[in-house]
Amino acid sequence: MANCQNPMRYGRQTPMYTQRSTCNTCGSVRQNPRPVQQECPRPQESQVTRPFSDCRERIDRVEHLPENCKVHVHKEHHCHCSKDPLWEMPLAMAYVPWQRWQEIYDVCDGFQRGTIFRELDKPFHGKGGCNR
Amino acid sequence: MSECPCRKELLNQINEASFAVDDVKLYLNTHPWDDEALVYFQEYSRIRNEALKEYAKHYGPLTIDTASLSCEEQWDWIDAPWPWQEGGC
């Protein structure tokens, strides 16, 4: 029957901890507690002094940690944070580097390549995020 | 009378210069005070215009701006092959 359909079928699912539950004994209403987050382990001393080039390896090794712990470990190491030009820029914004007049193709090559700017000549190879 | 230039070469020159002008035009939209880009634009804009005039004199106009160069005695705008016809673009 149509009136027996679940009214939440197309609705947005809410996280469990934001839902309320009613006690079967006394009838009181209480909100489910937030899940307890796993405590971050302290980084070892040897990791702190490792150079920037090893950053990726280090992040891979903490892959099993919860997301907030990875950030913690990342900051503890002072790794690429100081070398990232976008560090401390607002999140969720797109940044496009300012183009300069350089590396201009000959008009013949530019016409063939589809751009007169060598820097913008990025043929699509179907995988990855860079020009290989 | 001057020697007739190769039609294919002229068309190629027009295509290349037109593309360069179009591309530097996009760059200049965001960099209006870039002197090198302005010089580049002026140079290839001139090359393009001269090539278009040369083409119009010998093979008929490609753009309406050059129609007067080949249509002095009679209107031949529609005489040249269309781009989808053999001998067109």
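Rules used in this analysis
- Residues numbered from 1 in each chain as written.
- Chains lettered and ligands numbered in written order.
- Predicted model: local features only at pLDDT ≥ 70, side-chain atom pairs only at ≥ 80, totals over all residues.
- Contact = placed C-beta atoms within 7 Å.
- Helix = DSSP H or I, 4+ residues; strand = E, 2+ residues; numbered from the N terminus.
- Nonpolar A, V, L, I, M, F, W, Y, C, P; charged D, E, K, R; others polar.
- Axes fitted to C-alpha atoms, helices over the stretch in contact; angles between N-to-C directions.
- Parallel < 35°, antiparallel > 145°, perpendicular 65-115°, else oblique.
- Left-handed = near helix turned anticlockwise from the far one by under 90°.
- Buried ≥ 20, exposed ≤ 12 C-beta atoms within 10 Å, placed from the backbone.
- pLDDT = per-residue confidence, 0-100.
- Expected span 1.5 Å × (residues − 1).

## Things to note about the interface of chain B and chain A
Link 1 in the chain: Between chain B and chain A, the residue contacts involve 12 residues of the former and eight residues of the latter.
Link 2 in the chain: Taken together, the elements giving at least two residues each to the side of chain B that touches chain A come down to helix H1 (7-30) and helix H2 (35-59) of chain B.
Link 3 in the chain: Among the residues making up the side of chain B that touches chain A, the classes are represented as seven nonpolar, one polar and four charged.

## Observations regarding the packing of H1(B) against H2(B)
The relative placement of two packed helices is expressed as an angle between their axes plus a distance between the axes.
Residue and element names in this part refer to chain B.
Link 1 in the chain: Their axes nearest at 8 Å, the elements H1 and H2 cross at an angle of 150 degrees. When the interaxial angle is binned, H1 and H2 end up roughly antiparallel. Considering the relative orientation of H1 and H2, their crossing is left-handed.
Link 2 in the chain: Of the residues in the contact of H1 with H2, the class split is 18 nonpolar, three polar and four charged.

## Let's talk about the environment of Asn49(B)
Link 1 in the chain: Within the secondary structure, Asn49(B) sits in helix H2.
Link 2 in the chain: Taking the C-beta count within 10 Å as the criterion, Asn49(B) has 16 such neighbours and is therefore assigned partly exposed.

## Describing the confidence of the model for chain B
Residues and elements named next belong to chain B.
Link 1 in the chain: When pLDDT is averaged across chain B, the result is 88; 93% of the residues are at 70 or more.
Link 2 in the chain: The element-level mean pLDDT for chain B is lowest in helix H3 (residues 67-70), coming to 81, with H1 highest at 96.
Link 3 in the chain: Here the predicted complex scores 0.57 on pTM and 0.85 on ipTM.

## Describing the environment of Ile104(A)
Residue and element names in this part refer to chain A.
Link 1 in the chain: Mapped onto the elements of the fold, isoleucine 104 is located in the loop between helix H3 (67-76) and helix H4 (107-113).
Link 2 in the chain: Taking the C-alpha atoms as reference, isoleucine 104 lies 6.0 Å from arginine 118; in sequence the two are 14 residues apart.
Link 3 in the chain: Not counting residues within four places of it along the chain, the set of residues in contact with isoleucine 104 comprises Ile116 and Phe117.

## Considering H1(B)
Link 1 in the chain: Taking 1.5 Å per residue, 24 residues should reach 34 Å; H1(B) reaches 36 Å between its end C-alpha atoms and fits that length.
Link 2 in the chain: Among the residues of H1(B), Gln13(B), Ile14(B), Glu16(B), Ala17(B), Ser18(B), Phe19(B), Ala20(B), Val21(B), Asp23(B), Val24(B) and Tyr27(B) are the ones counted as buried.
Link 3 in the chain: Tucked inside the fold, the buried residues of H1(B) contact H4 of chain A together with H2 of chain B.

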